[in-house]
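Chain and residue survey
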Amino acid sequence: MKKFFVLLLLVLPAVLLTVNTGSSPFAFAAEDELDEELVDVETEDAAVVADETEPEDEPETTKSPDADTYLLFTRPLHASGSQLELPAGYPVEFLVGFTNKGEFEDFVVESVEASFRYAMDFSYFIQNFSAVPYNREVKPGHEATVSYSFLPTESFAGRPFGLNIALNYRDGRGNQFSEAVFNETVQITEVDEGLDGETFFLYVFLAAIVILLLVLGQQFLGSYGKRKRPTAARKVVETGTSSTKDVDYEWIPQQTLKQMQNSPKGAPKSSPKQSPRQRKAKAGQ
């Protein structure tokens, strides 16, 4: 009987555990193995997707073994081994040299083209510049030089871009070649000029407006002050010839003057002016 109770105590916990979970005691281990399998599958899929979307950093280019190309920046000047800096809003000029080192076939330099690429993925185009056609024939053992220029827009200032310069040429049998003579990351810089022509004329225009406003304000204040303080109109009185101070009596004879002085009505109020001759004649009397 004691052995039965001991066996019951050993078997009962296992039975209760099986009934509560509804599965075998090894269910958790199976789930762990299943999760590991799912993780492995997802990792493999991610690796496949990454391989399919890997970008191509280098553009497709072909080069003839019987041709050599050279590049020289003339504006701005560029030292080899340093990053090229291009000023925004200013033309970039360079020369492309081509050498035909073959012995039998002629080459024809067809065109030169340039483009800005995304710095992290050169297969993504930012801006394409016009291709300049040349169609210059180069004999065996001869060289040819062509020039090209383009203008970086001012909106690109302060950002790096991939610059690709391609030279297109063909040989005497008609085989086409497109060689990237320059394929590096460049920096577009912003040129800081102290005072340009447009800014100068803007300042002159603003100064003219300020002067005009000052003149108009001065005229307005002057006219307003005059209206506020009206001046009294002076009355002009005509005196006529009532005053005898300015009358010249020299031309009147002395007898007539005496008669005028003796008469009460015709006598002048003030003594007439006498000339020196009259004064002498009067003193002699």
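This is a predicted model, so every value here is computed, not measured. (Residues numbered from 1 in each chain as written. Predicted model: local features only at pLDDT ≥ 70, side-chain atom pairs only at ≥ 80, totals over all residues. Heavy atoms only, no water.)

On to the packing of aromatic side chains, then. The description of an aromatic ring pair rests on the distance of the ring centres and on the angle between the ring planes. Overall, the coordinates contain 16 aromatic pairs when judged by the stated rule. Ring plane angle 80° and centroid distance 5.4 Å describe the contact between Phe73 and Phe182, whose orientation is recorded as edge-to-face. Placement of Phe73 in strand S1 (residues 67-75) and of Phe182 in strand S9 (residues 176-189) is noted, with a sequence separation of 109 residues between them. Each of the two residues, Phe73 as well as Phe182, counts as buried. When the centroid spacing of 5.7 Å and the interplanar angle of 65° are considered together, the rings of Phe98 and Phe107 count as edge-to-face. The same class applies to Phe98 as to Phe107, namely buried. An aromatic cluster of at least three residues, connected via ring pairs, comprises Phe73, Phe94, Phe116, Phe129, Tyr148, Phe150, Phe156, Phe161 and Phe182. (Phe/Tyr/Trp six-rings, centres within 6.5 Å; stacked < 30°, edge-to-face > 60°. Helix = DSSP H or I, 4+ residues; strand = E, 2+ residues; numbered from the N terminus. Buried < 20%, exposed > 50% of the residue type's maximum accessible area, 1.4 Å probe, protein only.)

Here we come to the UniProt feature "transmembrane region" (unreviewed entry) in the protein. The sites that carry the UniProt feature "transmembrane region" (unreviewed entry) are, in the present numbering, residues 200-221. Measuring from the first to the last C-alpha atom of residues 200-221 gives 32 Å, for a span that is 100% helix and 0% strand. (UniProt positions renumbered as here; feature names shortened; annotations may be inferred.)

Once that is clear, we can look at the pairing of strand S5 (residues 121-128). In this structure, strand S4 (residues 107-118) lies alongside S5, joined through 4 bridges in antiparallel fashion. Residue pairing in the sheet places Ser115 in a bridge with Asn128 of S5. The turn linking S4 back onto S5 is made up of 2 residues. (Pairing = 2+ DSSP bridges.)

Moving on: unusual backbone geometry. With omega at -5°, the peptide bond leading from Arg75 into Pro76 counts as cis. Mapping Pro76 onto the fold places it in the loop between S1 and strand S2 (85-87). At Asn135, a residue that is not glycine, the phi angle is positive and equals roughly 50°. Its place among the elements puts Asn135 in strand S6 (residues 132-138).

The subject of this paragraph is the pairing of S9. Strand direction decides the pairing type here: S2 and S9, joined by 3 bridges, are parallel. Residue pairing in the sheet places Pro87 in a bridge with Thr189 of S9. Two elements, strand S8 (residues 160-171) and S9, share 11 bridges in a ladder whose sense is antiparallel. The partner of Leu163 across the bridge, within S9, is Glu184.

So, about the nonpolar core. Counting residues in hydrophobic clusters, the biggest one holds 31 residues, and the most contacted among them are Leu86, Phe116, Phe150, Leu163 and Ile165. Among the elements of the structure, S1, strand S3 (92-100), S4, strand S7 (143-150), S8 and S9 are those that each provide at least two residues to this core. Not counting residues within four places of it along the chain, the set of residues in contact with Phe150 comprises Leu86, Tyr90, Pro91, Val92, Phe94, Ala114, Phe116, Phe129 and Leu163. (Core = buried A, V, L, I, M, F, W, Y, C linked by side-chain atoms within 4.5 Å. Contact = heavy atoms within 4.5 Å.)

Next up on the list: the side chain of Thr99. Examined against the element boundaries, Thr99 turns out to sit in strand S3. When residues no more than four places from it in sequence are discounted, the contact partners of Thr99 are Asp66, Ala67, Asp68, Tyr70, His142 and Glu143.

Moving on: the sheet that holds S3. If you walk across this open sheet you meet the 3 strands as S1-S3-S7, and the pairing is antiparallel. Of all the strands in the sheet, just S1 and S7 have a single pairing partner and so form its edges. Averaged over all pairs of adjacent strands, the angle between strand axes in this sheet comes to 20°, irrespective of strand direction. One ladder, built from 8 bridges, connects S3 with S7; its direction is antiparallel. Bridge pairing links Val96 to Val146 in S7. (Axes fitted to C-alpha atoms, helices over the stretch in contact; angles between N-to-C directions.)

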